[in-house]
Amino acid sequence: MTLNQQGTFDVHFEKYDEEISIVRPTLLIQNLIFGGIYVDMEGLSIGVNHKTGERFEVTFFPRKSATEQSRISGKFFDAHGNLKIKLDGSWLNEIRLTTVDTGVTETAWHEPPLIPNAHLQYYFDYDSILMNYVCEEMRENVAPTDSRFRNDQRYYEEGQMEEAEIEKVAVEERQRRSRRLVEEGKMEAPKPRFFRKVEHPYVQNEVMQTFEDPPIYYELIDDNNGYWQRRNRQDW
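Trainee: In this structure, what is going on with the overall build of the protein chain? I would like to understand it.
Mentor: The helix and strand tally for the protein chain stands at five helices and twelve strands. Dimensions of the protein chain along its principal axes, counting C-alpha atoms only, are 55 × 45 × 40 Å. Burial statistics for the protein chain: of 236 residues in total, 25% are counted as buried. Long-range contacts, defined as pairs at least 24 residues apart, comprise 29% of the intrachain contacts of the protein chain with a sequence gap of at least 6. Accessible surface for the protein chain amounts to roughly 16,900 Å². Of this, 52% is attributable to carbon and sulfur atoms. Of the side chains in the protein chain, 29 bear a positive and 42 a negative charge, and the two mean positions are spaced by 3 Å.

As C-alpha cells, this is what we get:
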C-alpha cells in the first residue's frame, strides 16, 4: 500500500522568526497479506526556509534487504543554490552531516539506547512512551478528547490485550457509523475545533508538491475559543 502524505509539515522558530515547510516522503505499508507488516518510506522530501531562502532535499530509499534498509541521502543549499551540507545515513540508526567547504563530518542524530526492561514496553523509546503518559495533574488540565484517554490504548499499555481489542473495535465502529451518517446527510461533518483551514501563506505546488490544490495550512485559533484559552478556564 502506498500513501502520499498530503500537505506540509510546518515549523515556526520564534527566536529567529523563521518558518520552515517540509514535504514528507511517500509511506509504504509492506506485507499486508503475507509476512510481518512494516512501514517504509520512499521518495523525495523537500524543506524550505521561507525567510532565508535556504532549502534541503532528502531522498528516502526503500528497503532492499535486511541489511540495506532505511537509507537516506540529502543536500542542503543556501539562498543562492550553493551546496553547503551533505546528509547520509539511516533514519532508523544514524544520520550524518558533512560540511562541503571543510569536509568535516558530524553525527546529527543516532538511535537512542533502549530503556530499562524495553521488552516489557513494546520496545518503545522514551519519547514514544511519553506520548501516552498521563498523570493526575494532566487529567485535570488537558482536553477530555485527548488520545491519552482512549481506553483501548490504556488497556494495551497495561497488557490487557482482550479488553483493548474490544475497546478498539467499539471505537472504530463509532467512527464508521459517524462517517455513514455524514455521507447520508444525516449529520454534519466534524470540523476542527482549535484549528482553521486556510490557504498556505507561503507554499506553492510549483516549488513543493503537496498533493493539494491550493496548498492548505491549519492555523491555530488564538481567540477566546482557542485551545489554550479554553484550557485555562476549563471550558471544554
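So, next bit.
Trainee: I keep staring at the pattern of salt bridges and nothing clicks. Help me out?
Mentor: Close approach of charged atoms lets side chains of opposite charge pair. This model, assessed by the stated rule, comprises 15 salt bridges. Arginine 55 is paired through a salt bridge with glutamate 57; the nearest N and O atoms lie 3.1 Å apart. Relative accessible area serves as the criterion here: at 24%, arginine 55 is assigned to the partly exposed category. Taking the relative accessible area as the measure of exposure, glutamate 57 reaches 29% and is therefore partly exposed.

Trainee: Whenever I open this one, the environment of tyrosine 126 confuses me. Can you help?
Mentor: With respect to the helices and strands, the residue tyrosine 126 is situated in helix α1 (residues 126-131). With relative accessibility at 56%, the residue tyrosine 126 sits in the exposed group.

Trainee: How do you make sense of the environment of alanine 108 when you look at a structure like this?
Mentor: Tracing the chain through its elements places alanine 108 in strand β10 (residues 105-110). Taking the C-alpha atoms as reference points, alanine 108 and leucine 87, 21 residues apart in sequence, are found 9.3 Å from one another. Residues within four places of alanine 108 in sequence aside, it is in contact with Ile95, Arg96 and Leu97.

Trainee: How do you make sense of the side chain of glutamate 18 when you look at a structure like this?
Mentor: As for its placement among the helices and strands, glutamate 18 is situated in strand β3 (residues 18-23). For the buried glutamate 18, no salt bridge is present, and the opposite-charge side chain at shortest range is lysine 51, 5.1 Å distant. A polar side-chain atom of glutamate 18 sits 2.9 Å from a polar atom in the side chain of asparagine 49. In this structure glutamate 18 touches Val11, His12, Phe13, Asn49, Lys51 and Thr52, once residues within four positions along its chain are discounted.

Rules used in this analysis
- Residues numbered from 1 in each chain as written.
- Predicted model: local features only at pLDDT ≥ 70, side-chain atom pairs only at ≥ 80, totals over all residues.
- Heavy atoms only, no water.
- Helix = DSSP H or I, 4+ residues; strand = E, 2+ residues; numbered from the N terminus.
- Buried < 20%, exposed > 50% of the residue type's maximum accessible area, 1.4 Å probe, protein only.
- Contact = heavy atoms within 4.5 Å.
- Areas by Shrake-Rupley, 256 points an atom, 1.4 Å probe, with all protein chains shown as cover.
- Lys, Arg positive; Asp, Glu negative; His and termini not counted.
- Charge placed at Lys NZ, Arg CZ, Asp CG, Glu CD.
- Salt bridge = Lys/Arg side-chain N within 4 Å of Asp/Glu carboxyl O.
- Polar contact = N/O pair within 3.5 Å; in protein donor to acceptor, adjacent residues only side chain to side chain.

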